[in-house]
Amino acid sequence: MKLSLKIFLGICIPSIIVAMIISIIVINRNHETNIEAERQNLIQNLKSIERNLNNVDESYGKQIIQLMSNNYSSKNIHIIYYYDTVEYNNSESINPNMIDYSNVQNSEYYVEIKNIDNNHFSIATSKLDNNRYVTVEKNINEVFDKRKELIYNCIYIIAISMIIIAIIAYIISKTLTRPLERMKKEMTKLSKGDYNINLKEGHDEFGRLAKNFNNMSKELEKRNNELVEYANSKQIFIDNLSHEMNTPLTSIQGYAELMQKANLNEEQKQKYLKYIQDEGKRIQDMYKKLLLLSYKKNTDFEKKDIEMNKVFAEIEDTFKERINNAGMELIINNQLSTIYGDETLIIMSISNLIKNAMNVSDKNTKIMVNAFNMNNKKYVQVVDQGPGISEENIKKITEPFYRVDKVRSRKNGGAGLGLSICKSIMEMHGGKLIIESEIGKGSIFTLEFN
Amino acid sequence: MRKILIVDDEERIRELIKMNLELAGYECIEAEDGEEALEKIKSHSLDLALLDIMLPKKNGYEIAEDFIKADIPVIFLTAKDSVIDKVKGLKLGADDYIVKPFESMELLARIEVVLRRKGKDIDEFNYNGVKINFSTRAVSVNGNQIEMTAQEFSLLEVLIKNKNLALSREKLLETAWGYDYYGDTRTVDMHIQRLRKKLNWENVIVTVFKYGYRLEIE
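If you're wondering where the values come from, they're calculated on a predicted model, not measured in any experiment.

Tallying secondary structure elements over chain A gives ten helices and twelve strands in all. Here the C-alpha radius of gyration of chain A, 56 Å, is well above what a compact globule of 450 residues would show, namely 22 Å. Seen through its C-alpha atoms, chain A measures out along the principal axes to roughly 170 × 60 × 40 Å. Each of the 450 residues in chain A was classed as buried or not, and the buried ones make up 39%. For chain A, contacts bridging at least 24 residues in sequence account for 62% of all contacts bridging at least 6. A total of about 26500 Å² of accessible surface is found on chain A, and carbon and sulfur atoms cover 52% of it. In chain A, which carries 59 positive and 57 negative side-chain charges, the distance between the mean positions of the two groups comes to 7 Å.

Dropping the structure here:
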């Protein structure tokens, strides 16, 4: 059953029951009061008749009654006089046989209400002395008619008020459930994937519910967007990966096929074999790097205090000559004694940054590596004087396989994974990779260790 | 000679395609990015363009239109292998779409089909006195007409279309005889012997040890 119907009936049914009970009680009380009044009235009349009878001798009883009866008839009261037998009866409706004189006690007024042929009578009997009784009878249909009329009035009033109550109840039930209806509508929207929900907020229960609902839909939208973004980035990653794997594979398969099918001279054969080897290595290299990227999620690595002097000596060893041969200069300025972390991974991330710097730098430029302490944090910076990176590219540069200068990067054997590996390594160490750059001046890549 | 533009940002892949095409008798021009490729439209009269999609500067989809406007047939040669990409490429008006890695024979066959459709195929083949007309199917050696069965001619056609590339016996059976032919590879050997004899090509159709045959033409 719908809530609005429940509210509607919840208002209407109790109201009608209460109205009916109250009416019945009031009508009955009123009726009883009226009957009691009739009774007392009848008893008063009976008393005055009694008094008149007592004043005269028994033998005049009948005459006295006869005299009085005219007077009482105008009051619609009829008298039955009994002295051993019915001596006088001017009642048209009451048969004296119906009166059970044995029930009547001395100095008592015996009053009955009787329904004779759908006429109501109040009958009061009094015992004067032995075997002498006076009975007065009055038709009290009026009282019963009054009750009937009252009942009809009540039904009429209840019916009208019920209509009014029903209208009010309908309005109340609709007003109360309107926010629910709207919520239901919005909920349907939500289930269809539309997160654009703005319910009216307020301070009552529905208003607060609406507020929570709005918050929930916003949160849901956020989560959903995150998921979509995550799925997209996964898809992009897979697309890129397949493309990156495809290129060396095409070379390997193509050159192998060419060697098998074409008539090549020794020089060509050697050249193509080298290509095949190179491309194979490229795949291996990429595979290793990818492994490293996925490695962080499920492996804990060995952290310890690493002596930075040793690290930089090793780096200088690896790069000094290569950089000098390329016509550039490597300047290392180390003020750190130790960094807490994994030695291999940290050397790898610094090396990646230096390799990147080499790839973008031209002859006669400097590559600076600064390691220092600041505000209780440790930093390793690689500064180049290359062409710089646009803001748009800085955002994407840590995505796997993203390259700013694709052709140049490939020529240098890059797979576009170096910076994403750096970023992962820094995340594993609870640190950050910070990239700053200015077009035309160069870039600064900073590893921040907490 | 028919001129084909190879656009790919990977030098080695360009070299690979070039090598294959040159062996089959095409002239090749290379471009490593979209902009360079567009310049080649003006500077060369091209018969066909092989375009990679993911290119620096301007991507393959962007430049394809210019080629099609210049009435140069386009074949996409790319690592992107999703149906959406293929449909997109073909809708742009490209004549074919080949996914990397590719087989040289397939590449050549598809190029051949596109060129033929554009009326740019070579009807005649001349080599050292051997003259073959593909539309009339007439073969002559030093002016003398040579009788040839239909099967011999289709084998000869496959060899010429893939000249300078070795073809395995199985591949020859498959392409010259058709998939539904249940023959022995010795059938191939027999037909090759007859071709050699009829055309005087004892040294031109070379046996590749334990593999198949190659038509060697400078």
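Between chain A and chain B, the residue contacts involve 26 residues of the former and 25 residues of the latter. Of the roughly 2500 Å² buried where chain A meets chain B, counting both sides, 52% is carbon and sulfur surface. Our count for the contact surface shared by chain A and chain B stands at four salt bridges. Here Glu15(B) makes a salt bridge to Lys271(A), at a shortest N to O gap of 2.8 Å. Linking chain A to chain B there are 13 residue pairs in polar contact (both at pLDDT 80 or more).

A word on the domain arrangement of chain A. For chain A, the assigned domains are domain 1 (3-157) and domain 2 (300-449). Distance between the C-alpha centres of domain 1 of chain A and domain 2 of chain A: 116 Å.

A word on the side chain of Ser361(A). Looking at the element boundaries, Ser361(A) is found in the loop between helix H7 (343-360) and strand E9 (366-374). Polar contacts involving the side chain of Ser361(A) include one to the main-chain carbonyl oxygen of Ala357(A), which spans 2.7 Å.

What follows is about the packing of helix H2 (residues 34-43) of chain B against helix H3 (residues 60-69) of chain B. Residue and element names in this part refer to chain B. Where H2 contacts H3, the two axes come as close as 10 Å, and the packing angle between them is 5°. Accordingly, the angle class assigned to the pair H2 and H3 is roughly parallel. From H2, Gly 34, Ala 37, Leu 38 and Ile 41 reach across to H3, where they touch Ile 63, Asp 66 and Phe 67. A class-by-class count of the residues in the contact of H2 with H3 yields five nonpolar, one polar and one charged.

Reports often express the size of an interface as the amount of accessible area lost when the parts come together. All names here are of chain B. When its domains are assigned, chain B resolves into domain 1 (3-117) and domain 2 (124-215). Computed over C-alpha atoms only, the centres of domain 1 and domain 2 are separated by 29 Å. Counting from both sides, the interface comprises ten residues of domain 1 and, opposite them, nine residues of domain 2. Taken together, the two surfaces of domain 1 and domain 2 that pack against each other cover about 760 Å², and 62% of this comes from carbon and sulfur. At the junction of domain 1 with domain 2, the criterion picks out two residue pairs in polar contact (both at pLDDT 80 or more). Of all the secondary-structure elements, those providing two or more residues to the side of domain 1 that touches domain 2 are helix H1 (11-23) and helix H5 (104-117).

All names here are of chain B. Among the structural elements, Ile 53 can be located in the loop between strand E3 (48-51) and H3. Taking the C-alpha atoms as reference, Ile 53 lies 19 Å from Val 114; in sequence the two are 61 residues apart. Here Ile 53 is in contact with Asn 59, Gly 60, Tyr 61, Phe 76, Thr 78, Lys 80 and Tyr 97, once residues within four sequence places are set aside.

What follows is about the packing of aromatic side chains. All names here are of chain B. Throughout the structure, instances matching the rule amount to ten aromatic pairs over all chains. When the ring of Tyr 61 is compared with that of Phe 76, the centres are 5.8 Å apart and the planes differ by 70°; the resulting orientation is edge-to-face. Here Tyr 61, found in helix H3, pairs with Phe 76, found in strand E4 (residues 74-78); they are 15 residues apart in sequence, far enough to count as distant. By the burial criterion, Tyr 61 is buried, and Phe 76 matches it. Measuring from ring centre to ring centre gives 6.1 Å for Phe 76 and Tyr 97, while their planes differ by 55°; the resulting arrangement is tilted. One end of the pair, Phe 76, is in strand E4; the other, Tyr 97, is in strand E5 (residues 96-99), and 21 residues separate them in sequence.

Before going further, it helps to spend a moment on a nonpolar patch on the surface. On the surface, Met1(A), Leu5(A), Leu9(A), Ile13(A), Ile17(A), Ile21(A) and Ile25(A) cluster together into a nonpolar patch covering about 640 Å² of accessible area. Within the secondary structure layout, Leu9(A) lies in helix H1 (residues 3-55).

With that out of the way, let us pick up unusual backbone geometry. Most peptide bonds adopt trans geometry, and most residues besides glycine take a negative phi value. For the bond running from Lys100(B) to Pro101(B), omega is -5°, close enough to zero to count as cis. Note that Pro101(B) resides in the loop between E5 and H5. Although it is not a glycine, Asn376(A) sits at a positive phi angle of roughly 65°. Its relative accessible area of 79% is what places Asn376(A) among the exposed residues.

Turning our attention to the sheet that holds strand E11 (residues 205-208) of chain B. Residue and element names in this part refer to chain B. The three strands are arranged E10-E12-E11 in an open sheet whose pairing can be described as antiparallel. What marks the edges here is a single partner per strand, and that holds for strand E10 (167-168) and E11. Bridge count for E10 against strand E12 (residues 212-215) is two bridges, and the pairing is antiparallel. By the bridge assignment, Ser 168 is partnered in E12 with Gly 212.

We now examine the pattern of salt bridges. In total, this model carries 33 salt bridges over all chains according to the counting rule given. Of the charged contacts, one joins Arg282(A) and Glu10(B) as a salt bridge, the two residues approaching to 3.2 Å between their closest N and O atoms. You can see Arg282(A) sitting in helix H5 (residues 266-298) and its partner Glu10(B) sitting in the loop between strand E1 (3-7) and H1, one on each of two chains. Glu10(B) shares its class with Arg282(A); the two are buried. Across the pair Asp52(B) and Lys100(B) runs a salt bridge whose closest N-O atoms are separated by 3.6 Å. Residue Asp52(B) is located in the loop between E3 and H3, and its partner Lys100(B) is located in the loop between E5 and H5; the two are separated by 48 residues in the primary sequence. Note on Lys100(B): relative accessible area 4%, which makes it buried.

In this section: the sheet that holds strand E8 (residues 138-141) of chain B. Residue and element names in this part refer to chain B. Ordered in space as E6-E7-E8-E9, the four strands form an open sheet in which the pairing is antiparallel. In the strand order of this sheet, the two ends are held by strand E6 (124-127) and strand E9 (144-146), each with one partner. Averaged over all adjacent pairs, the angle separating strand axes in this sheet is 20°, with direction ignored. Relative to strand E7 (residues 130-133), E6 runs antiparallel, the two being bridged by four bridges. Across the sheet, residue Asn 126 finds its bridge partner in E7, namely Lys 131.

In terms of nonpolar packing, the biggest core is built from 33 residues, with Ile350(A) and Val380(A) touching the most fellow members. The set of elements that each furnish at least two residues to this core consists of helix H6 (308-325), H7, E9, strand E10 (377-383), helix H10 (418-428), strand E11 (432-438) and strand E12 (442-449) of chain A. Looking at this core, the element that brings in the most residues is H7(A), giving seven residues. In this structure Ile350(A) touches Met308(A), Val311(A), Phe312(A), Ile315(A), Val380(A) and Leu447(A), once residues within four positions along its chain are discounted. The next biggest cluster of nonpolar side chains, apart from the first, holds 31 residues, and it includes Leu172(B), Ile192(B), Leu199(B) and Leu215(B).

So, how was this worked out
- Residues numbered from 1 in each chain as written.
- Chains lettered and ligands numbered in written order.
- Predicted model: local features only at pLDDT ≥ 70, side-chain atom pairs only at ≥ 80, totals over all residues.
- Heavy atoms only, no water.
- Helix = DSSP H or I, 4+ residues; strand = E, 2+ residues; numbered from the N terminus.
- Rg over C-alpha atoms; globule rule 2.2 N^0.38 Å.
- Buried < 20%, exposed > 50% of the residue type's maximum accessible area, 1.4 Å probe, protein only.
- Contact = heavy atoms within 4.5 Å.
- Areas by Shrake-Rupley, 256 points an atom, 1.4 Å probe, with all protein chains shown as cover.
- Lys, Arg positive; Asp, Glu negative; His and termini not counted.
- Charge placed at Lys NZ, Arg CZ, Asp CG, Glu CD.
- Buried area = accessible area lost by both parts, 1.4 Å probe.
- Salt bridge = Lys/Arg side-chain N within 4 Å of Asp/Glu carboxyl O.
- Polar contact = N/O pair within 3.5 Å; in protein donor to acceptor, adjacent residues only side chain to side chain.
- Domains from an automatic or database assignment.
- Axes fitted to C-alpha atoms, helices over the stretch in contact; angles between N-to-C directions.
- Parallel < 35°, antiparallel > 145°, perpendicular 65-115°, else oblique.
- Nonpolar A, V, L, I, M, F, W, Y, C, P; charged D, E, K, R; others polar.
- Phe/Tyr/Trp six-rings, centres within 6.5 Å; stacked < 30°, edge-to-face > 60°.
- Patch = residues over 30% accessible without salt bridge, like charges linked within 9 Å, V, L, I, M, F, W, Y side chains within 5 Å.
- Pairing = 2+ DSSP bridges.
- Core = buried A, V, L, I, M, F, W, Y, C linked by side-chain atoms within 4.5 Å.

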